[in-house]
Amino acid sequence: MLSAKAEQFTESVIREMTRLAMKHGAVNLSQGFPDFAAPAEIKEAARQAISDDINQYAITWGAKPLRDAIVEKFERTQGVRVDPEREITICCGSTEAMMSTMLAIINPGDEIVVFEPFYENYGPDAILSGATPRFVKLSPPDWTYDERELAAAFGPHTKAIILNTPNNPTGKVFTRAELEFIRDLCVRWNAYCITDEIYEHILYDGAEHISMARIGGMRDRTIVINGMSKTYSVTGWRVGWAIAPPEPTAAIRKVHDFLTVGAAAPLQQAGAIALKSPQSYYDKLATDYTVRRERLLKILTAAGFTVYKPFGAYYIMTDISGFGFPDDVAFAKVLVEKVGVAVVPGSSFYNDARDGANQVRFTFCKKETTLAAAEERLSRLPEHLGSR
Ligand SMILES: Cc1ncc(COP(=O)(O)O)c(C=O)c1O
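Residues numbered from 1 in each chain as written. Predicted model: local features only at pLDDT ≥ 70, side-chain atom pairs only at ≥ 80, totals over all residues. Heavy atoms only, no water.

*Asks:* Just to check I follow, could you spell out the overall build of the chain for this structure?
*Replies:* When its secondary structure is counted, the chain shows 13 helices and 13 strands. Reported as C-alpha extents along the three principal axes, the dimensions of the chain are approximately 60 × 50 × 50 Å. Burial analysis of the chain (388 residues in total) assigns 56% to the buried set. Across the chain, contacts joining residues at least 24 apart in sequence account for 74% of those joining residues at least 6 apart. (Helix = DSSP H or I, 4+ residues; strand = E, 2+ residues; numbered from the N terminus. Buried < 20%, exposed > 50% of the residue type's maximum accessible area, 1.4 Å probe, protein only. Contact = heavy atoms within 4.5 Å.)

Below you can see the structure in the form of structure tokens.
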């Protein structure tokens, strides 16, 4: 009685870990949502929009002030000018922007190239849209790809490559040279690049975010996915967008319209104000996350994890082979139930669970008291290892 597509994937492991964290009273370092307050000005802007009665449907592809603010910000930060009337679709989070994009461009038989480990949504996105994924490994410690492996994943059926930079879960920030190599393959095989840039402002150690749309020759074949969730610490607002050339935008807008009609109108209005934040806002965001990154790196190293230092986003991938567990799921279970810290098993980021069996992902988008509680609990990890 059920859809064969829906039967092919499970519930989100990441979001399941949050539910388990609540059940066991664990410190939640699994799902990537901040547990600290969102910026006061942005919350005030949302309150004001509701008071001003911006409470009815916005234009289905997005309120004009937010589309204009996206154009202005994309040009200021990436030097790429887009048309707010023909190249932007505001969606219910970047999650919907990605899904609407895939549904808008995929035909039966189409393939997509996906780097792995990958943000888990891309798997169900591929299944629901009917794309066949071709996975290409990013290898630790610096999460580089093998050029021959990537080139071999492209072919006459490739419709798009999905890129995520700065990357979840690895913290990798793709370099210009890497983007240019990918560009050459997209041009050669006439493929789109769908690039999820939701962590664009969360960068460390001088890493620079370069949008694929800015790489020579890619303006007309790049679909940028972005949103408010991470940059403005409002993951529950569900405001995201796709920036794409006019032809795919027309298709994305149609899919989006019949999926959701539109994102919350007052929150789009507040988004227009948020996107005009001064540079100091983004600098502080990165500085504050640098402090949290250092803190969690120290906690995890002291607790015996092998850590892969991230250069962007707010996650730390770790290697757990030293602890001697059968796999990542068994380890994550003990961690959440006995130690009281929730993490995401590495296997949820891979097509073949065995590839992530020695990894778990922690997030550090949490306040100091949360990180301190995790530190205290993780310091008792050896007791639980001994008693197994
Ligand atoms: C890479 C990546 N893309 C998209 C999302 C979801 O974004 P949104 O809240 O805009 O749907 C996340 C959330 O964790 C993410 O890590």
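Now that the structure is up, let's keep going.
*Asks:* Got a minute to help me understand the packing of helix α4 (residues 93–105) against helix α5 (residues 122–129) in this structure?
*Replies:* At a closest axis distance of 9 Å, the pairing of α4 and α5 adopts a crossing angle of 35°. Between α4 and α5 lies a crossing of right-handed hand. Residues Met98, Met99, Met102 and Leu103 of α4 touch α5, and the partners they reach there are Tyr122, Pro124, Asp125, Ala126, Leu128 and Ser129. Residues of the contact of α4 with α5, tallied by class, amount to eight nonpolar, one polar and one charged. (Axes fitted to C-alpha atoms, helices over the stretch in contact; angles between N-to-C directions. Left-handed = near helix turned anticlockwise from the far one by under 90°. Nonpolar A, V, L, I, M, F, W, Y, C, P; charged D, E, K, R; others polar.)

*Asks:* When you look at the site of the ligand in this model, what are you seeing that I'm missing?
*Replies:* Taken together, 14 residues surround the ligand, and among them Thr95, Asp196, Tyr199, Ser229 and Arg238 come closest. Contacts to the ligand include lysine 230, whose side-chain N or O atom sits 2.7 Å from an oxygen atom. In the complex, 93% of the free accessible area of the ligand, which totals 400 Å², lies under the protein chains. A per-element tally of the shell around the ligand places α4 first, with three residues. Of the residues assigned to the shell around the ligand, the class counts are five nonpolar, six polar and three charged. (Near = heavy atom within 4 Å. Polar contact = N/O pair within 3.5 Å; in protein donor to acceptor, adjacent residues only side chain to side chain. Areas by Shrake-Rupley, 256 points an atom, 1.4 Å probe, with all protein chains shown as cover.)

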